[in-house]
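What follows is the residue order along each chain.
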Amino acid sequence: MPDDRSAFSLKALRRRPEMWLLAVILVVGTVFALAARDFLSLPNIIDLLETYSVQSIMAMGLFVVLVSGGIDISFAATASVAQYCAALIATQLGLPAPLVIVAGLLIGTALGCVNAALIHKMRITSIIATIAMMSISFSLLMYFSSGKSIYTLPDWWTDRIVFYQTETAVGDLVRITLPIVTMMVVALFTWAWMTRSSIGRQLYAMGGNPEAARRIGIGIGKLHFVAYGYLGFMAALAGLVQAHRVGESVPNAMYNTELAVLSAAVLGGASLTGGIGTVPGVLLGIVLLAMLQNGLNLLGVSSYFFQIVIGITILISTSITVLSSRRGRRHRIIAEAPGNG
Amino acid sequence: MADETPFLRLTGISKRFGGVKALDGIDWDVKRGEIHCLVGENGCGKSTLIKAVVGVHAPSSGTIEIDGADVPVLDPARAKALGIQVIFQDLSLFPNLSVAENIAIENHLEHALKPVRKERLRGVARDVLRRLNFDLDLSTIVSDLSVAERQIVAIARGLAAQARLIFMDEPTASLTRAEVNRLLAIVSRLKADGIAVVFVSHRLDEVVEIAERVTVMRDGRKVGTWPVAEVDQKRIAHLMTGLDIDHSIVARDMGDAPELLHVEKLSRRGEFADIDFTLHQGEVLGIIGLLGSGRTELALTLFGMHRADAGAITLDGKPLRLSSNRDAVEAGIAYVSEDRLGLGVILPQSIGDNIILAVMKQLAGRFGLIATKSRQKLADDWVKRLSIKVAGTDRPVQTLSGGNQQRVVLAKWLATRPKVLILDSPTVGVDIKNKQGIYEVVAELARQGVGVILISDEVSEVFATCDRVLHMRSGRIIGAEVPGQVSEHEMEERIYA
Ligand SMILES: Nc1ncnc2c1ncn2[C@@H]1O[C@H](COP(=O)(O)OP(=O)(O)OP(=O)(O)O)[C@@H](O)[C@H]1O
Ligand SMILES: [Mg+2]
């Protein structure tokens, strides 16, 4: 078999980064656990889970778009818009909870579909289209809200919902709350949907080779709407959960989270060229980022330093995955040396 | 003969790409359950015709009838629903998905919300591969496969779905004779099941072997359709090109010429072992062997892409240490790879830019800038010498036909003016006239003193072009022959034995 893999297998090499990521996480975790005593405590871990639930929900949506071969920069802005509009509906019109939630989610999905339309119908590159959409929706939000936060969210929205709670030996309270449960449900659903449903597999196929997907009769247009619509929906959900956690709607609260989420997804092995990535990988990416941020925080390190560490971690972990798989597989059986016959 | 309506009938199909008229008023039909071969030079419009039928490119004009009924506009999904399958020339696989999923991809198209049953996918894929008598690991990701294995996956995908007509666009391009035979047997079996096959190939021996009817195309027009009994290889070649082509032996004894490249005990674990040979100046040395014989791996090592575990390479009497292909290029070794479309060209870039890619350093003047004029001249020169069919050297490579893309890669490496030129299956997918053109270029280079290593699995090719032929099997050189001293038939026997 011709071994012409090494030259163009970069994609192939990036396929199973989860194992490496897990190793890096274990190393980093051990270091922090030794340096900062609180780091490995149950309350700290649960707290981390809750803090990063919003980003994880967004990451699940972004993951789908990345797999489909696109990229989206506008989801944090979408989340803010959906959250703020829902907050307005709840406070100004006083509509009941289900209507507010559905309205918020619909707004997010609709914004995602606008992205899909721009990308598929107008043939604008996804990064350009979504950067433009980010500026537009975020600026409109700031303009109409004048940057004013909404503090008077109804109780149904801000009341903590605890699914399970227990007390540790030391007397700390540990609670499994709504954001954590939402995140888990979303992750589980996304995972099952992308690996076990036809649409999910079609999305992988489209990300791997869009022209081939078109040629076998996959509806490329429809899939664009599915992927970006799903991200819009997840962004809105994340927005609603974020307001639930902090008890208010601040228009620019989620500004800038898109890059953190994107780094986590890439760190977790989702390819920017499409077709490659897994839900567990992306979650591990978030875990690593969360650990770094929290650990360095506990150690009292400046947040600029954190950015540097993130950058370096991404570089190291991606190079490790590349190098580790570079040893090509060789499997020819070489004939016996010809004897003297 | 109950029903004589053909399965597919085209009337006046034309297709333009900008200014280029790729198809010009094609009238054509395919009967039920027939094996119909489509031949013509590179760029004559064979692939475009197929794509126009299945709606990958909408035809600019003309009508398509299926089963005697007009079908308005086909798109890929509707063509499938009507029972038309295509094995595309560029394979159109999904590099990120497994073999099983690629083969059974259509299972995903049935119902969007239906859960995917992995076992079912694997079952479908296993059945087809068994029918084809190929053994591939179903969970391997396609980007890890070799070119030939990918070709097999593409064929398997075309056969997996229920079809009444299968277009096969150069399905044998990267297969060796043994594999080709298996495919041809399958094609005959399809016919027995009443499935029509349209088979595109540049290997005319295959064509006359399986076809019932042959359609010859030239410059976007149909020359005509003949029952295969009325034409032979020579006649087809003549209809395609308007030329008569003969293969005569050119082997010369180059033993007295100065040694150029000397390889001693070269080994690479798991790939090849104890390779010894000498290449003289101006010699054309053939390396022939079946798929998996280690020939490509050897070439990649000589080109510095892989490192040898043991052994020595000497070039011009000086030991050669290759730690990358850049070293090889600098030492004067050029390599035209087997997987041209994967490795050889940058598809969206212009033809001119691709040709100068490997010589940018030499072309660059002060400050590392390249004069447009010298670039243009070089590109035009090679386009002419290799008679590449282009609308202009500023057009992107991806607008060329498959065979012409290949010649762009050849031009790129010839522009480096190498001392040693390694050609890995250089004429796969190239039409006969231009095969001849490439052989002439090779002969011309050899006359200028370039040493050429020609890797191939077509005996007729090495027989007609090489001075000496090494025979590789299972990673070792097991024999050397001189064309003329053994007959082509004898050589074939030894290789396929
Ligand atoms: N997408 C495209 N855009 C512009 N021109 C194209 C495109 N596809 C094909 N062509 C042109 O149409 C002509 C016919 O190409 P086609 O691929 O059908 O040739 P072919 O007969 O299949 O050749 P080969 O044997 O080399 O595969 C060529 O001149 C080619 O340059
Ligand atoms: Mg073609």
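Residues numbered from 1 in each chain as written. Chains lettered and ligands numbered in written order. Predicted model: local features only at pLDDT ≥ 70, side-chain atom pairs only at ≥ 80, totals over all residues. Heavy atoms only, no water.

Draft legend 1. Broad picture of the overall build of chain B. Scanning chain B from N- to C-terminus turns up 18 helices and 20 strands. Scaling as 2.2 N^0.38, a compact globule of 497 residues should have a C-alpha radius of gyration of about 23 Å, and chain B matches this with 23 Å. By principal-axis analysis of the C-alpha atoms, chain B measures approximately 70 × 50 × 50 Å. Classification of the 497 residues of chain B by burial places 57% in the buried group. Considering only contacts within chain B whose residues lie at least 6 apart along the sequence, 68% involve residues at least 24 apart. Working note: accessible area of chain B is about 20300 Å², and carbon and sulfur atoms make up 50% of it. Mean positive and mean negative side-chain charge positions of chain B (62 and 66 charges, respectively) differ by 5 Å. (Helix = DSSP H or I, 4+ residues; strand = E, 2+ residues; numbered from the N terminus. Rg over C-alpha atoms; globule rule 2.2 N^0.38 Å. Buried < 20%, exposed > 50% of the residue type's maximum accessible area, 1.4 Å probe, protein only. Contact = heavy atoms within 4.5 Å. Areas by Shrake-Rupley, 256 points an atom, 1.4 Å probe, with all protein chains shown as cover. Lys, Arg positive; Asp, Glu negative; His and termini not counted. Charge placed at Lys NZ, Arg CZ, Asp CG, Glu CD.)

Draft legend 2. Structural detail: the overall build of chain A. When helices and strands are counted, chain A shows 14 helices and two strands. Per-residue burial over chain A gives 52% buried out of 341 residues. Restricting the contact set of chain A to residue pairs at least 6 apart, pairs at least 24 apart contribute 77%. Summed over its atoms, the accessible surface of chain A is roughly 15600 Å², and 67% of this surface lies on carbon and sulfur atoms.

Draft legend 3. Seen up close, helix H12 (residues 257-267) of chain A. Among the 11 residues in H12 of chain A, nine count as buried, and that is most of the element. By the burial criterion, the buried members of H12 of chain A are Thr257, Glu258, Val261, Leu262, Ser263, Ala264, Ala265, Val266 and Leu267 of chain A.

Draft legend 4. Representation of the coordination of the magnesium ion (ligand 2) within the structure. Here the magnesium ion (ligand 2) is held by the protein donor atoms Ser47 of chain B (OG) and Gln89 of chain B (OE1), which lie 1.9 to 2.0 Å from it. Of the two residues, serine 47 of chain B is situated in helix H1 (residues 46-54) and glutamine 89 of chain B in the loop between strand E6 (84-87) and helix H3 (99-103); the sequence distance between them amounts to 42 residues. (Donors = N, O, S within 2.8 Å, 3.2 Å for Na, K, Ca; no water.)

Draft legend 5. Seen up close, the confidence of the model for chain B. Mean pLDDT over chain B stands at 86; residues scoring 70 or higher make up 95%. Under the prediction, the complex receives an ipTM of 0.83, its pTM being 0.79. (pLDDT = per-residue confidence, 0-100.)

Draft legend 6. Quick look at the domain arrangement of chain B. All names here are of chain B. If you check the domain split of chain B, you get domain 1 (8-241) and domain 2 (259-495). Just the C-alpha atoms count here: the centres of domain 1 and domain 2 sit 30 Å apart. Listed by partner, the interface residues are 21 residues for domain 1 and 22 residues for domain 2. Regarding the contact of domain 1 and domain 2, the summed buried area is about 1600 Å², with carbon and sulfur atoms giving 57% of it. (Domains from an automatic or database assignment. Buried area = accessible area lost by both parts, 1.4 Å probe.)

Draft legend 7. Spatial organisation of the packing of aromatic side chains. According to the stated counting rule, one finds nine aromatic pairs over all chains in the structure shown. Pairing phenylalanine 138 of chain A with tyrosine 255 of chain A gives two aromatic rings, centres 4.5 Å apart and planes at 20°, and the pair type is stacked. Of this pair, phenylalanine 138 of chain A sits in helix H6 (residues 126-145) while tyrosine 255 of chain A sits in the loop between helix H11 (220-246) and H12; the two residues are 117 residues apart in sequence, bridging distant segments of the chain. Given the relative accessible area of 46%, tyrosine 255 of chain A is considered partly exposed. Geometrically, the ring pair formed by tyrosine 143 of chain A and phenylalanine 144 of chain A is edge-to-face, given 5.1 Å between the ring centres and 80° between the ring planes. One exposure class covers both tyrosine 143 of chain A and phenylalanine 144 of chain A, and it is exposed. Three or more aromatic residues joined by ring pairs make a cluster, and in this case those are Phe189, Trp193 and Tyr230 of chain A. When the ring centre of tyrosine 204 of chain A is taken as reference, the NZ or CZ atom of arginine 201 of chain A above it lies at 4.5 Å. Over the ring of phenylalanine 88 of chain B we find arginine 215 of chain A, and its NZ or CZ is 4.5 Å from the ring centre. (Phe/Tyr/Trp six-rings, centres within 6.5 Å; stacked < 30°, edge-to-face > 60°. Lys NZ or Arg CZ within 6 Å of the ring centre and 35° of its normal.)

Draft legend 8. Looking closely at the site of ligand 1. Residues and elements named next belong to chain B. In the vicinity of ligand 1 lie 18 residues, with Lys46, Ser47, Thr48, Thr399 and Gly403 positioned nearest. Here an oxygen atom of ligand 1 and a side-chain polar atom of glutamine 89 are 2.8 Å apart. A distance of 2.7 Å is found between an oxygen atom of ligand 1 and a backbone nitrogen or oxygen belonging to threonine 399. When ligand 1 sits alone it has 640 Å² of accessible area, and the protein chains cover 87% of it. Counting only elements with at least two residues in the shell around ligand 1, the list comes to H1 and helix H15 (402-414). With three residues, H1 is the single largest residue contributor to the shell around ligand 1. Both domains that meet at the shell around ligand 1, namely domain 1 (8-241) and domain 2 (259-495), each give it at least three residues. (Near = heavy atom within 4 Å. Polar contact = N/O pair within 3.5 Å; in protein donor to acceptor, adjacent residues only side chain to side chain.)

Draft legend 9. The pairing of strand E2 (residues 20-30) of chain B, seen in detail. Residues and elements named next belong to chain B. In terms of strand pairing, strand E1 (residues 8-17) meets E2 through seven bridges, oriented antiparallel. Note on E2: the bridge partner recorded for arginine 9 is aspartate 29. Taken together, E1 and the strand that follows it, E2, pair antiparallel across an intervening segment of two residues, in which glycine 18 is found at a positive phi of about 55°. (Pairing = 2+ DSSP bridges.)

Draft legend 10. Highlighting the environment of isoleucine 105 of chain B. Along the polypeptide, isoleucine 105 of chain B turns up in the loop between H3 and helix H4 (118-132). Of the residues examined, isoleucine 105 of chain B reaches a relative accessible area of 1% and is grouped as buried. In this structure, the C-alpha to C-alpha distance between isoleucine 105 of chain B and serine 456 of chain B, residues 351 residues apart in sequence, is 33 Å. Filtering out sequence-adjacent residues up to four positions away, isoleucine 105 of chain B remains in contact with Ala205 and Ile216 of chain A together with Phe94, Leu97 and Arg157 of chain B.

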